[in-house]
Amino acid sequence: NGGFNLAPTLVITQAAVNPNLVIILFPNPSSDFIEIVNQKEVYNYTLFNASGQIIKRGTIAPGDKIELEQLKKGNYILQLLGAKDFKCTKLVTIN
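Residues numbered from 1 in each chain as written. Predicted model: local features only at pLDDT ≥ 70, side-chain atom pairs only at ≥ 80, totals over all residues. Heavy atoms only, no water.

**Q** Quick question: what am I supposed to make of the packing of aromatic side chains here?
**A** What describes a pair of aromatic rings is the distance from one ring centre to the other and the angle between the planes of the rings. Taken as a whole and judged by the stated rule, the model has zero aromatic pairs. The ring of Phe33 carries Lys65 above its face, with NZ or CZ at 4.2 Å from the centroid. (Phe/Tyr/Trp six-rings, centres within 6.5 Å; stacked < 30°, edge-to-face > 60°. Lys NZ or Arg CZ within 6 Å of the ring centre and 35° of its normal.)

**Q** What should I look at first to understand the confidence of the model for the chain in this one?
**A** Predicted coordinates in regions of low pLDDT should not be interpreted in detail. Of the residues in the chain, 76% have a pLDDT of 70 or more, and the chain-wide mean is 81. Within the chain, the lowest mean pLDDT, 58, falls on strand β1 (residues 16-17), and the highest, 95, falls on strand β5 (residues 54-60). (pLDDT = per-residue confidence, 0-100. Helix = DSSP H or I, 4+ residues; strand = E, 2+ residues; numbered from the N terminus.)

**Q** Quick question: what am I supposed to make of the sheet that holds strand β6 (residues 66-67) here?
**A** For sheets, the rule is that strands pair by backbone hydrogen bonds, running either parallel or antiparallel. Read from one edge to the other, the open sheet built from three strands follows the order β2-β3-β6, with strand pairing classed as antiparallel. The sheet is open, and its two edges are formed by β2 (25-26) and β6, each paired on a single side. Here strand β3 (residues 33-36) runs beside β6; their pairing, made up of two bridges, is antiparallel. Residue pairing for β6: Phe33 is matched across the bridge by Glu67. (Pairing = 2+ DSSP bridges.)

**Q** How should I be thinking about the pairing of β5 in this particular structure?
**A** Along any regular strand, the residues point their side chains to alternate faces of the sheet. In this structure, strand β4 (residues 43-48) lies alongside β5, joined through six bridges in antiparallel fashion. If you follow Tyr43 over to β5, its bridge partner there is Ile60. Taking the residues that link successive antiparallel strands as the turn, the β4-β5 hairpin has five residues, and the phi of Gly52 there is positive, at about 90°.

**Q** Got a minute to help me understand the environment of Lys40 in this structure?
**A** Counting through the fold element by element, Lys40 comes out in the loop between β3 and β4. As for Lys40 and Gly63, which are separated by 23 residues in sequence, their C-alpha atoms are 9.3 Å apart.

**Q** Can you help me understand unusual backbone geometry in this one?
**A** Across the chain, the bulk of peptide bonds are trans and the bulk of non-glycine residues have phi less than zero. With an omega of -15°, the peptide bond running from Phe26 to Pro27 counts as cis. Tracing the backbone shows Pro27 in the loop between β2 and β3. Omega for the bond connecting Asn28 with Pro29 falls within 30 degrees of zero, at 10°, which places this linkage in the cis form. As for its placement among the helices and strands, Pro29 is situated in the loop between β2 and β3. The backbone of Asn38 shows a phi angle near 60°, a positive value even though the residue is not glycine. The exposure class assigned to Asn38 is exposed, which follows from its relative accessible area of 61%. (Buried < 20%, exposed > 50% of the residue type's maximum accessible area, 1.4 Å probe, protein only.)

Listed below in structure tokens is the structure:
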């Protein structure tokens, strides 16, 4: 029909990328859930598939888990946005 679709893109605004922020996901790889080791603050998270599509969004507090049971086997990117920090990390899931 001559039309086209626009996919959402990842844009960093307002928060600074902090290269000193080390994010450790456990367990990784995982098929059930992940949690952030030594998490000190609440993060808003976005999970992207390898094509850059948003798969899941939410908030994770220290001690919380991100459930992964519904995800297909593959590589995903986890974006974390805190009050002052921004971080992306690769997440591998295995079902």
